[in-house]
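Descriptive analysis of the structure
Next come the chains, spelled out residue by residue.
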Amino acid sequence: MRVTKLVIGILMIVYSVWLFIQGLLGGFLGIIAEKNMVAGIIGVLLCGLFMASGIVYVSTENSDGLGGDIAGLAMIVAGILGIIGGFYAGLIWTGILALVIGIGFFVWHLKTR
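Remember, it's a predicted structure, so these values are computed and weren't measured experimentally. (Residues numbered from 1 in each chain as written. Predicted model: local features only at pLDDT ≥ 70, side-chain atom pairs only at ≥ 80, totals over all residues. Heavy atoms only, no water.)

Our next topic: the overall build of the protein chain. A tally of regular secondary structure across the protein chain gives 4 helices and 0 strands. Secondary structure elements of the protein chain, listed N to C terminal, follow the sequence α-α-α-α. Taking 113 residues into account, the globule formula puts the C-alpha radius of gyration at 13 Å, and the protein chain, at 15 Å, falls close to it. Considered along the principal axes of its C-alpha atoms, the protein chain spans approximately 50 × 20 × 15 Å. Counting only residues that meet the buried cut, the protein chain has 33% of its 113 residues in that class. Accessible surface, the protein chain as shown: approximately 6,500 Å² in total, 78% of it carbon and sulfur. (Helix = DSSP H or I, 4+ residues; strand = E, 2+ residues; numbered from the N terminus. Rg over C-alpha atoms; globule rule 2.2 N^0.38 Å. Buried < 20%, exposed > 50% of the residue type's maximum accessible area, 1.4 Å probe, protein only. Areas by Shrake-Rupley, 256 points an atom, 1.4 Å probe, with all protein chains shown as cover.)

This brings us to the nonpolar core. Among the nonpolar cores identified, the biggest contains 15 residues, and Met12, Leu46, Phe50, Tyr57, Met75 and Ile101 are the most heavily contacted of them. Looking at this core, the elements with two or more residues in it are helix 1 (2-33), helix 2 (37-59), helix 3 (67-84) and helix 4 (89-112). Element by element, the count of residues in this core is highest for helix 2, at 6 residues. Aside from chain neighbours lying at most four places away, what touches methionine 12 is Phe50, Ser53, Gly54, Tyr57, Met75 and Ile101. (Core = buried A, V, L, I, M, F, W, Y, C linked by side-chain atoms within 4.5 Å. Contact = heavy atoms within 4.5 Å.)

One can find histidine 109 in helix 4. Among residues more than four places away in sequence, those in contact with histidine 109 are Met1, Asp64, Gly65 and Asp69.

The subject of this paragraph is helix 3. A turn of α-helix holds 3.6 residues, and therefore any two residues three or four places apart point the same way. Between the first and last C-alpha of helix 3 there are 26 Å, a value that for 18 residues agrees with the 26 Å anticipated at 1.5 Å per step. Those residues of helix 3 not exposed but buried are Gly68, Asp69, Ala71, Gly72, Met75, Ala78, Gly79 and Gly82. Projected down its long axis, helix 3 shows its buried positions confined to an angular sector of 165 degrees, all on one face. Away from the buried face of helix 3 by more than 90 degrees, exposed residues Ile70, Leu73 and Ile84 are located. (Expected span 1.5 Å × (residues − 1). Arc of directions from axis to C-beta.)

Moving on, we get to the environment of alanine 39. Among the secondary structure elements, alanine 39 is positioned in helix 2. Through-space distance from the C-alpha of alanine 39 to that of leucine 11 is 22 Å; in sequence the pair is 28 residues apart.

Shown next as C-alpha coordinates:
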(Lines give C-alpha, C1' and ligand atoms only; values in the text may rest on other atoms or scores of the structure.)
Protein backbone atom coordinates (compact mmCIF):
# COMPACT_ATOMS: atom_id res chain seq x y z
CA MET A 1 0.00 0.00 0.00
CA ARG A 2 2.97 2.26 0.60
CA VAL A 3 4.14 2.30 -3.01
CA THR A 4 0.57 2.67 -4.29
CA LYS A 5 -0.05 5.70 -2.08
CA LEU A 6 3.20 7.27 -3.22
CA VAL A 7 2.59 6.70 -6.94
CA ILE A 8 -1.06 7.78 -6.84
CA GLY A 9 -0.14 10.83 -4.75
CA ILE A 10 2.52 11.94 -7.24
CA LEU A 11 0.17 11.37 -10.18
CA MET A 12 -2.54 13.36 -8.42
CA ILE A 13 -0.17 16.29 -7.89
CA VAL A 14 0.82 16.24 -11.57
CA TYR A 15 -2.83 15.95 -12.65
CA SER A 16 -3.78 18.85 -10.39
CA VAL A 17 -1.38 21.10 -12.33
CA TRP A 18 -3.19 20.07 -15.52
CA LEU A 19 -6.57 20.75 -13.88
CA PHE A 20 -5.35 24.19 -12.79
CA ILE A 21 -4.28 25.13 -16.30
CA GLN A 22 -7.47 23.71 -17.78
CA GLY A 23 -9.60 25.52 -15.18
CA LEU A 24 -7.89 28.84 -15.75
CA LEU A 25 -8.17 28.60 -19.51
CA GLY A 26 -11.76 27.35 -19.28
CA GLY A 27 -12.67 30.12 -16.87
CA PHE A 28 -10.92 32.79 -18.95
CA LEU A 29 -12.50 31.62 -22.17
CA GLY A 30 -15.81 31.30 -20.36
CA ILE A 31 -15.65 34.94 -19.32
CA ILE A 32 -15.02 36.00 -22.91
CA ALA A 33 -17.72 33.77 -24.42
CA GLU A 34 -20.08 34.18 -21.43
CA LYS A 35 -20.38 30.43 -20.87
CA ASN A 36 -18.47 27.67 -19.03
CA MET A 37 -17.24 30.11 -16.40
CA VAL A 38 -18.66 27.84 -13.70
CA ALA A 39 -16.78 24.89 -15.18
CA GLY A 40 -13.51 26.84 -14.90
CA ILE A 41 -14.18 27.68 -11.26
CA ILE A 42 -15.08 24.07 -10.44
CA GLY A 43 -11.94 22.94 -12.29
CA VAL A 44 -9.79 25.15 -10.07
CA LEU A 45 -11.58 23.82 -6.96
CA LEU A 46 -10.96 20.25 -8.12
CA CYS A 47 -7.32 21.19 -8.67
CA GLY A 48 -7.03 22.27 -5.05
CA LEU A 49 -8.67 19.10 -3.76
CA PHE A 50 -6.47 16.88 -5.96
CA MET A 51 -3.34 18.77 -4.87
CA ALA A 52 -4.22 18.55 -1.15
CA SER A 53 -5.10 14.87 -1.37
CA GLY A 54 -1.96 14.08 -3.35
CA ILE A 55 0.23 15.82 -0.79
CA VAL A 56 -1.49 13.95 2.05
CA TYR A 57 -1.07 10.62 0.26
CA VAL A 58 2.64 11.27 -0.34
CA SER A 59 3.30 12.51 3.19
CA THR A 60 1.38 9.68 4.90
CA GLU A 61 2.68 6.82 2.79
CA ASN A 62 4.21 5.06 5.81
CA SER A 63 1.35 5.82 8.18
CA ASP A 64 -1.66 3.61 8.81
CA GLY A 65 -3.56 6.42 10.55
CA LEU A 66 -6.54 8.43 9.42
CA GLY A 67 -4.61 10.85 7.18
CA GLY A 68 -5.28 8.80 4.08
CA ASP A 69 -8.95 8.47 5.01
CA ILE A 70 -9.28 12.24 5.31
CA ALA A 71 -7.69 12.61 1.87
CA GLY A 72 -10.07 9.92 0.62
CA LEU A 73 -12.99 11.96 1.96
CA ALA A 74 -11.66 15.01 0.10
CA MET A 75 -11.51 12.90 -3.06
CA ILE A 76 -15.11 11.75 -2.57
CA VAL A 77 -16.15 15.41 -2.20
CA ALA A 78 -14.15 16.23 -5.35
CA GLY A 79 -15.86 13.39 -7.19
CA ILE A 80 -19.33 14.56 -6.23
CA LEU A 81 -18.44 18.14 -7.13
CA GLY A 82 -17.03 17.05 -10.49
CA ILE A 83 -20.04 14.93 -11.40
CA ILE A 84 -22.64 17.49 -10.26
CA GLY A 85 -20.79 20.36 -11.90
CA GLY A 86 -20.18 18.48 -15.15
CA PHE A 87 -20.96 21.28 -17.55
CA TYR A 88 -18.52 19.69 -19.95
CA ALA A 89 -17.28 16.10 -20.25
CA GLY A 90 -13.86 16.68 -18.71
CA LEU A 91 -15.23 17.40 -15.26
CA ILE A 92 -17.41 14.30 -15.27
CA TRP A 93 -14.43 12.05 -15.96
CA THR A 94 -12.37 13.85 -13.35
CA GLY A 95 -15.19 13.36 -10.86
CA ILE A 96 -15.40 9.66 -11.64
CA LEU A 97 -11.62 9.35 -11.25
CA ALA A 98 -11.77 11.13 -7.89
CA LEU A 99 -14.57 8.85 -6.68
CA VAL A 100 -12.66 5.74 -7.72
CA ILE A 101 -9.51 6.91 -5.91
CA GLY A 102 -11.35 8.06 -2.79
CA ILE A 103 -13.61 5.03 -2.39
CA GLY A 104 -10.84 2.64 -3.46
CA PHE A 105 -8.37 3.82 -0.83
CA PHE A 106 -11.08 3.96 1.84
CA VAL A 107 -12.16 0.36 1.18
CA TRP A 108 -8.52 -0.75 0.97
CA HIS A 109 -7.84 0.90 4.33
CA LEU A 110 -10.84 -0.83 5.92
CA LYS A 111 -9.80 -4.23 4.53
CA THR A 112 -6.27 -3.98 5.88
CA ARG A 113 -7.44 -3.12 9.41
